[in-house]
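# Results of the structural survey
Okay, here's what each chain looks like letter by letter:
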Amino acid sequence: MGVSRLDKFYRRLLLTKLFIGGWGKPEDLKRIFEFRKIIGNREKCRFLVPENYPVYINKTEDHSDCQIHEGFFISPLEHLVPGILPPEAVNARFQFIVPKRWKKNRPVCIHLAGTGDHFFWRRRTLMARPMIKEAGMASLLLENPYYILLRSSLKNVSDLFVMGGALILESTVLLRWLEREGYWPLGMTGISMGGYMSSLAVTNWPKPIPLIPCLSWSTASSVFTTGVLSKAVNWTELEKQYAINSVYEEEIIKLLEYCGADSFKMSPEPVKQVDSLEHLLGLSGEEAETRRGLLVDPEEGGAGDRLHHLLSSHVNSHGQSLDSLQSFHADNTPRDNTPRGKNTDSTKYSRPSLHRESISFMKGVMDECTHMANFSVPVDTSLIIGVQAKEDAYIPRTGVLSLQEIWPECEVRYLNGGHISAYLFKQNVFRQAIYDAFDRFCLKYPNLH
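Note that residues are indexed from 1 along each chain, following the sequence as it is written. A pLDDT threshold of at least 70 governs which residues receive local features in this predicted model, and a stricter bar of 80 or more applies before side-chain atom pairs are shown or counted, although totals over entire chains, interfaces and linings include all residues. Working from all heavy atoms in the structure, the side-chain values ignore hydrogens and water.

### Here's the deal with the packing of aromatic side chains
Note on ring pairs: Phe, Tyr and Trp rings are taken, using the six-membered ring of Trp, and paired if centres are within 6.5 Å. Classes follow the plane angle, with under 30 degrees stacked, over 60 edge-to-face and the rest tilted. Evaluated as defined, the whole model comprises 15 aromatic pairs. Between the aromatic rings of F94 and W177, the centroid separation amounts to 5.7 Å while the plane-to-plane angle is 55 degrees, which identifies the pairing as tilted. With F94 in strand 3 (residues 91-99) and W177 in helix 5 (residues 157-180), this residue pair connects regions lying 83 residues apart in the sequence. Comparing F94 with W177, the two get one shared label, buried. One aromatic cluster in this structure is built from Y53, F73, F94, F96, W102, W177 and Y183. Should the NZ of a Lys or the CZ of an Arg lie within 6 Å of a ring centre and within 35 degrees of the ring normal, that charge is described as sitting over the ring. Sitting above the plane of the W217 ring, R397 keeps its charged end 5.6 Å from the centroid. For the purposes of this entry, the term helix denotes a DSSP run of H or I that reaches at least four residues, the term strand denotes a run of E that reaches at least two, and both are numbered from the N terminus. Each residue gets one of three labels from its accessible area relative to the maximum for its type: buried under 20%, exposed over 50%, partly exposed in between, using a 1.4 Å probe on protein chains only.

Encoded structure:
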């Protein structure tokens, strides 16, 4: 199956560069990888988020068909890995869209945002409000860390992993809060990056739960190394940092644990010239302009040991209070980021293999933190319905393990076309998959409240 020409064309319309700051601080990457070993094991982190973690509602709007509540809470990641989140992302923010009349039970689906999906309008308009009308289902929309103040273009590679860790823990907070408030059944969904993040969150949930990942797959590594988004990556800066700072290839690469059948496979393909947007969509110029507005762009030493000790102690205590988590603090001494240990002359920096080495390192760190095989298998994979586009150029499936190989009982539904056309025209298919997964859960677990 080929890839969508529309996907390739749309990527060329966007001038945004990804990871303009580079890989991120080596010490931050080390802390993230250490934390991934904990959060990737459901039993180890089962008690990281207290059952009664505080959640606050600070605004309510009344509409004809629903109430829209806005709320916030402190991201648990701030307590567990202090200082790793930017200050504006410490407070997690959400909208809770509740129907005025329930049709059956009180179902709630948590929607995680895709790249570029700022605030809540897009998910509220295209998914949440139609779900109230069609199924009487509530939606909870969680804002992505780094998206506050419109910071959607992640500055560092490490930011993506911080975002993932935060969303896993924040989803746990919200699921437990919804349980306390008496809502049932609960499920999770997301489109593109939101699908990845919802999948990661469900691996951490200790109960059966419907999961509907749309336009995502088993790992994000292919997105940034072989997909069309790889053309937006600031490889010049990444290659430069990889060349002049030996810590990446001499220390960090040794922390990468994923060595599965699809590890470190590369086959990048060049992006070719394509036709106009109007031609590819089959729309008039005016219609294409309208649709374009809805497009989503698929986006120090000892610290690790201390983190592992803290989290292991917390897990073993089962009832330990949140205050005790604050006893762990990152080393706040000034960090010397001066490159060292590697020749910085032009010959070293321009070695022919540098681009290939940087791509391979990117795949390694992405697989470490995003590959589903590095996380616990969801409690009941038969409750998972994935929706994929057959010609998706943003989310390549060639050369990586399939979701069915990692989660054998999950269902995958395929749509004709690519990533962009599916997002524009197939929201109703995504919603139907949500309803089907929730129905499947209710039939299988009618008394699991």
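### Some thoughts on the nonpolar core
To form a nonpolar core, buried Ala, Val, Leu, Ile, Met, Phe, Trp, Tyr and Cys residues must be joined to one another through side-chain atoms within 4.5 Å. In terms of nonpolar packing, the biggest core is built from 102 residues, with W23, F96, F161, F224 and M362 touching the most fellow members. Ranked by the residues each element gives to this core, the list is headed by helix 5, at 14 residues. If we ignore the near neighbours within four places in the chain, the residues touching W23 are L29, N156, V157, S158, L238, Q241, Y242, Y248, S358, F361, M362 and V365. Ranked by size, the runner-up nonpolar core spans 21 residues in total, among them C214, F430, Y435 and F438. Note on definitions: a residue-residue contact is assigned when non-hydrogen atoms from the two residues lie within 4.5 Å.

### Some points on the environment of R397
Along the chain, R397 falls in the loop between strand 8 (385-389) and helix 15 (403-406). Overall, R397 belongs to the partly exposed group, its relative accessible area being 22%. When near neighbours in sequence (up to four residues on either side) are disregarded, R397 contacts W217, Q388, A389, K390, D392 and Y414. For this analysis, a polar contact is any N or O atom pair within 3.5 Å, provided that within protein one partner can donate a hydrogen and the other can accept it, and provided that sequence-adjacent residues contribute only side-chain to side-chain pairs. Separated by 3.2 Å, the side chain of R397 and the backbone oxygen of K390 make a polar contact.

### Description of helix 17 (residues 427-444)
Taking 1.5 Å of rise per residue, 18 residues should cover 26 Å, and helix 17 covers 26 Å from first to last C-alpha, within 8% of that figure. Buried within helix 17 we find Q427, F430, R431, A433, I434, Y435, A437, F438, F441 and C442. Working rule for helices: expected span equals 1.5 Å times residues minus one.

### Focus on unusual backbone geometry
W184 connects to P185 through a cis peptide bond whose omega is -5 degrees. Examined against the element boundaries, P185 turns out to sit in the loop between helix 5 and strand 6 (186-191). If you check the backbone angles, N105 has positive phi at about 60 degrees while not being a glycine. On the basis of relative accessible area, N105 is assigned to the partly exposed category, the value being 33%.

### Let's talk about the pattern of salt bridges
By definition, a salt bridge exists where a carboxyl oxygen of Asp or Glu is found within 4 Å of a side-chain nitrogen of Lys or Arg. Overall, the coordinates contain 18 salt bridges when judged by the stated rule. Linking D28 and R31 is a salt bridge whose minimum nitrogen-to-oxygen distance equals 4.0 Å. With D28 and R31 both in helix 2 (residues 26-39) and three residues apart, the pair spans about one turn of that helix. With relative accessibility at 4%, the residue R31 sits in the buried group. Note that R129 and D65 form a salt bridge whose closest N and O atoms lie 3.0 Å from each other.

### Observations regarding the confidence of the model for the protein
Should pLDDT be low for a region, the predicted coordinates there are not to be read in detail. Residue-level confidence of the predictor is what pLDDT reports, using numbers from 0 through 100. Looking at the protein as a whole, its pLDDT mean stands at 82, while 78% of the residues score no less than 70. Counting interchain partners and residues more than four positions distant, the pLDDT-below-50 stretch residues 265-347 has 158 contacts.

### Quick notes on the pairing of strand 4 (residues 108-112)
Most of strand 4 is tucked away, with five of its five residues classed as buried. By the bridge criterion, five bridges tie strand 4 to strand 5 (residues 138-142) in an arrangement that is parallel. In the sheet register, I110 faces strand 5, and the bridge partner there is L140. With five bridges connecting them, strand 4 and strand 6 associate as parallel partners. From the neighbouring strand, V108 faces strand 6, where its bridge partner is L186. The pairing criterion for strands is at least two bridges between them, as found by DSSP.

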